[in-house]
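Breakdown of the fold
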Amino acid sequence: MKFTVLRVAHLPPMLSERLHADYEVLEGSERGDELDAAQTRGIRALVANGESRVRAGLIDRLPVLQVIIVFGVGYDGIDVEAARARGIAVTHTPDVLTEDVADFAITLMLGTARRLAQADRFVREGRWQQGPFPFTRKVSGKRLGIVGLGRIGKAIAQRAAAFDMHISYHGRRPLAVDYPYYASVTELAAAVDFLVVAVGGGDSTYHLIDAAVLDALGSTGILINVGRGSVVDEVALAQALAEGRLLGAGLDVFEDEPRPHAGLLDLDNVLLAPHMASATWDTRRAMSDLTLANLAAHFAGESLPTPIPG
Ligand code: A2R
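In this report, we go over the structure that sits alongside the text.

Working definition: the strands of a sheet are paired by backbone hydrogen bonds and lie parallel or antiparallel to each other. The seven strands are arranged S8-S7-S6-S9-S10-S11-S12 in an open sheet whose pairing can be described as parallel. Two strands close off the open sheet at either side, each with one partner strand: strand S8 (181-182) and strand S12 (270-272). In this sheet, strand S11 (residues 248-251) lies alongside strand S10 (residues 222-225) in parallel orientation, the contact comprising four bridges. Bridging from a neighbouring strand, Ile 222 pairs with Gly 248 of S11. Seen against the sheet, helix H7 (residues 151-161) touches strand S6 (143-147), strand S7 (166-170) and strand S9 (194-197) and runs at an angle of roughly 170° to S6.

Counting residues in each nonpolar core, the largest one holds 45 residues, and the members touching the most others are Leu 19, Met 109, Leu 144, Ile 146, Ile 156, Phe 194 and Leu 295. Element by element, the count of residues in this core is highest for helix H5 (residues 98-113), at eight residues. Residue contacts for Leu 19: discarding those within four places in its chain leaves Arg 7, Leu 11, Val 25, Val 47, Leu 292 and Leu 295. Counting residues in each nonpolar core, the second largest holds 27 residues, with Val 147, Leu 188, Val 192 and Val 231 among its members.

Summed over the entire model, instances satisfying the criterion amount to 13 salt bridges. Across the pair Arg 31 and Asp 33 runs a salt bridge whose closest N-O atoms are separated by 3.0 Å. Here Arg 259 ties to Asp 256 by a salt bridge, and the two come within 3.6 Å at their closest N and O atoms. Judged by its relative accessible area of 41%, Asp 256 is partly exposed. When salt bridges with common partners are traced through the structure, they connect Arg 115, Arg 121 and Asp 268 into a single cluster.

Another point: the pairing of S9. Sheet faces and side chains relate simply in a regular strand, where the side chains alternate between the two faces. Here S9 shows no split at all, with Phe 194 and Val 196 on one side and Leu 195 and Val 197 on the other all buried. Bridge analysis of S9 against S10 gives four bridges, and the strand direction is parallel. The residue bridging Phe 194 from the neighbouring strand is Ile 222, located in S10. Chirality of the crossover, the property in question, places the unit of S9, helix H9 (residues 211-217) and S10 among those that are right-handed.

Reading the values: the criteria
- Residues numbered from 1 in each chain as written.
- Predicted model: local features only at pLDDT ≥ 70, side-chain atom pairs only at ≥ 80, totals over all residues.
- Heavy atoms only, no water.
- Pairing = 2+ DSSP bridges.
- Helix = DSSP H or I, 4+ residues; strand = E, 2+ residues; numbered from the N terminus.
- Contact = heavy atoms within 4.5 Å.
- Axes fitted to C-alpha atoms, helices over the stretch in contact; angles between N-to-C directions.
- Core = buried A, V, L, I, M, F, W, Y, C linked by side-chain atoms within 4.5 Å.
- Buried < 20%, exposed > 50% of the residue type's maximum accessible area, 1.4 Å probe, protein only.
- Salt bridge = Lys/Arg side-chain N within 4 Å of Asp/Glu carboxyl O.
- Right-handed = clockwise from strand over helix to strand, strands pointing away.

Just distances and angles here, no functional claims.
Rendered as structure tokens:
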């Protein structure tokens, strides 16, 4: 007998093909409006991605739901409280994407400071013949502040150390590491050249990077975000960039994906990426394997490889 699984998000073919081979897969929206009563009564597992919104309304409609499987590390879109209240387990895919996301944070930092996208356009549009490309900003040896020194934050620090950067961090509490700790994110921003966001989303980090933090980072500062779009006040960011109160920004995540705030699109001092930090073949394969391993372990009655903490 094949168990019935509801898929509410786009998943790469390498995963959805294997899902279809092993399970009865229903495809639904995040509201589940299109599912009839007979269908909702059979759904034991729900597969989402890191950007999915799985709210109490959908969970309530699935009377035999046992597990929510997230393809991604962030699970701020899942109503974990509603799931826990029903004894529904939640899993995600930490660790396997850490290296890629850290690599991409460094890519954005270098790309923004050295204005790589602008340089590419400069060459393509024939402007090189009129004169040299303007000087850019050095990265090696500069001061880097990391917001959220978790798995990804630590991997970013490790890479930045190879660039002789001076690393400090902000989090909810100091950790047993040698980097200086700042209890205030504004004070951290005032003390660095580059501020990299590597925290997840949710209420506790909503607009943690606001106008005051951006002003503290200042007109020679660069903001990088590989955490969650909701952590940065995008309207305040666009304003600070437009007015030259912030030098630049490199963003892989946005408040309303796939629609970055319109004010960002016309700016020349922001590098925009389509939430692709973990989107390499190797990592998406590893995330797919871990997603299926969590699902299989659940239905085999074994302990889950990567349940969410708590
Ligand atoms: O939970 P804690 O206190 O150990 O610290 C976590 C920190 N963090 C915060 N820092 C400041 N203010 C907050 N309200 C706050 N909430 C959490 O963020 C931890 O040091 C870090 C998150 O690290 P991990 O849980 O190890 O996650 P990982 O794998 O580094 O991924 C971070 C995020 C994902 O949630 C996705 O949104 C994105 O990167 O790909």
